[in-house]
Amino acid sequence: KLTLDFTKPGATVSPMLYGLMTEEINHSYDGGLYAELIRNRIFKDHPNTPEGWSLVRQDSSSNAAIKLMAPTESNVLFDERRHAITGALTTCLRLTVEKANGRVGIANEGYWGIPVKPNTAYRASFYIKGSGSVQPPRRPGSQQSVAPQRPVIEDNTAGPIRVTIESNDGKTVYASGTIDLAKSIYWKKYELTLTTAADVKPTTDARFVISTDRTGLYYFNLVSLFPPTYKSRPNGNRPDLMQMMADMKPKFLRFPGGNFLEGPLLTDAFPWKQTLGPLEQRPGHKGSWGYRPSDGMGLLEFLLWCEDIGAEPVLGVYAGYSLNGDHIDAGPLLKPYVDDALDEIEYVIGDVNTYWGAKRAADGHPEPFKLRYIEIGNEDWFDRSNSYDGRFNQFRAAIEAKYSQLICISTIADAQYPDLKVTTGKKPAVLDEHYYRNSWAMWENASQYDSYDRNGPKIFVGEWATREGAPTTNLIAALGDAAWMTGMERNSDIVIMSCYAPLFVNVNTATTTAPKAWQWDSDLIGYNTLNSYGAPSYHVQKMFSHYLGDKIVPMTAENIPTQPRPLTRRDSADGKTTPPLVPTVFYSATKDEKTGAIYLKVVNTLGKKQPVEINLMGIGKVSPEATLVVIKGDKPEATNTITDPEKIVPVASKIKGIASVFTRSLDPYSVSIFQLQIG
Ligand code: AHR
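Definitions and cut-offs
Residues numbered from 1 in each chain as written. Predicted model: local features only at pLDDT ≥ 70, side-chain atom pairs only at ≥ 80, totals over all residues. Pairing = 2+ DSSP bridges. Helix = DSSP H or I, 4+ residues; strand = E, 2+ residues; numbered from the N terminus. Axes fitted to C-alpha atoms, helices over the stretch in contact; angles between N-to-C directions. Contact = placed C-beta atoms within 7 Å. Parallel < 35°, antiparallel > 145°, perpendicular 65-115°, else oblique. Left-handed = near helix turned anticlockwise from the far one by under 90°. Buried ≥ 20, exposed ≤ 12 C-beta atoms within 10 Å, placed from the backbone. Arc of directions from axis to C-beta. Nonpolar A, V, L, I, M, F, W, Y, C, P; charged D, E, K, R; others polar.

Some points on the sheet that holds strand S20 (residues 458–466)
- Judged by pairing direction, the barrel is parallel, and its eight strands sit side by side in the order S2-S15-S16-S17-S18-S19-S20-S21 before closing back on the first. Between one strand and the next, the sheet's axes are offset by a mean angle of 30°, whatever the strand orientation.
- Taken together, the seven bridges between strand S19 (residues 430–437) and S20 define a ladder with parallel strand orientation. Looking across to S20, one finds that Leu-431 is bridged to Ile-459.
- Those strands touched by helix H3 (residues 299–309) are strand S15 (252–255) and strand S16 (312–317), and its axis lies near 155° from that of S16.

Here it is as structure tokens:
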């Protein structure tokens, strides 16, 4: 029996309760949300082989080769000394065509293929220059140094260069165009649009090719190909993934990490300053998840992303601690890091008369962004040196001195790490807690916030997930999530923000040339090169944020059936032999004060129907009709996949017979949301 008590005033639901968390993991941006289709566009990945690139030859008698050219390369021929476009684009790709029998070129395999769709305009751009090769000049002082140099490879580079999106065997051309390469030893950027026909069938069996049929040395850099983007933003994002996020109605976006904020070493922290401005100035950096982010998704792009989905940024600033355990102690050595965070905040909210505000305006966004929450670091409980207290306070003091309106979030939760928490000065206003658990642990701990100190700091559950299912979560994980969310929602006077992690996963498996795309199982939104889908957990998130009032309705429960949780290794270590009992029904309710709508969420974690009596105590008049939204499945491991994306999705129906006391039977393995109406 569940009782919703309308006689007591309920606390206010946090208006920021449900948001998103993001970082570059699982090819979330490169090969994911960030719409760039060219892998390794500036040739920085895998210094010895041009990762993602290969030589194309129509006729094997063409004598051609590709090679990465670094600026410090020893035996460079003399025109190659000019091959750095900017300080960021220092490595280029050289195509040497000694003999051309038919077409010769370079091909990019994309991120697990290039997505070909009908009637689609792709924007291609690249830097290119051509030359012939000549014999190296003689040493100064040598008698023959004045002799004219003999071409070794004849320079026929000037002329048409073909650009195509084509099948991997080269037999089908999906879209093509031509540029006219000028004779010049200096870099020049060329741009063109490639458009597919209306009858093209969607495929990822495609590559991007730039080709010639003439001899010479061709140099390439910053090769880029963009399909249409969300809201047609240049350097923008994949529309399907943006739409999926917008549909969740997130109140905020926490970025840029996660571990991605920290980097493996102190020198690898998210380099926000070098993620600004034209792509020509973005060298990319090491990243934290085993591959090199291009940083096409830079600070401004994160902020525009927030704007595009109506979310407020929650900005994580690097706090002098990285993943290998190194840290900078509070004091003068930490000051440059604090200053860097102040610069970053100024970029986000400074007016155009400030140095970084002016930079943002120059980057195309004169209006300051909305910003209220700054997170100082990420998971600093891993810093066993206990330096966070000092580091947090140094950052907080400097940030608050300049921006009194900002709220600094501590990454150490008192409840989880009492020995490491911030104790100096005033208590942090908000603590970030992270929970990665299985469904049993979620069910067991779903009520943990019921007993949190109401006078203590507010809680931001900045990363959490029920980790079952891969690459995306399954039904039982979604039931773990839903139970956990009822606990956060019932306590959203203290749990002011929450976000699931990780948000994205590229589900492509390894190919002969590309590695498996993901590093972390149990993610929310899966996609390949062409399509995307939501895990059952995604739909639960969406349901919870859509059906949400502004006041918590106090609830009590009687006779909730329980089940024994399996014993864990930790239990055995603690000498526990009797399994604890965990509830099998979870619940929360909120009310929209303006409309009188009541949203009652109930989770049934058992594989059988469970009857529930719902008592609307003190409600007055309730409409006999209601909307019921249910997500369910037939077995715990049931899930959605890229090939079967809609197996587990919510279904809405109208139900009748609602009164101040009514009974319903909850479906097996289900989350049900009742939208009731007062009056
Ligand atoms: O979400 C994956 C990782 O889990 C995050 O990068 C990190 O903050 C946490 O440990």
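Next comes the rest of the write-up.
Describing the packing of helix H8 (residues 475–490) against helix H9 (residues 536–546)
- Where H8 contacts H9, the axes come no closer than 8 Å and their chain directions differ by 25°. Of the possible angle classes, the one that applies to H8 and H9 is roughly parallel. Between H8 and H9 lies a crossing of right-handed hand. Contacts between H8 and H9 involve Leu-475, Ala-477, Ala-478, Asp-481, Ala-482 and Met-485 on the former and, on the latter, Pro-536, Ser-537, Val-540 and Phe-544.

Side note on helix H1 (residues 239–247)
- Of the residues making up H1, those classed as buried are Leu-241, Met-242, Met-244 and Met-245. Taken end-on, H1 shows its buried residues confined to a sector of 160°, consistent with a single buried face.
- Along its buried surface, H1 packs onto strand S2 (18–21), H3, strand S23 (525–527) and strand S24 (532–534).
- Taken from the residues just after H1, Lys-249 is the one with a positive phi, measuring 50°.

Here's the deal with the packing of helix H4 (residues 335–349) against helix H5 (residues 355–362)
- Running from amino to carboxyl end, H4 crosses H5 at an angle of 45°, the nearest separation of the two axes being 7 Å. Considered as vectors, H4 and H5 are oriented oblique to each other. Considering how the two elements wind past one another, H4 and H5 form a crossing that is right-handed. Within the contact between the two elements, H4 uses Asp-343, Glu-346 and Tyr-347 and H5 uses Tyr-355, Trp-356, Gly-357, Lys-359 and Arg-360.
- Residues belonging to the contact of H4 with H5 are distributed by class as follows: three nonpolar, one polar and four charged.

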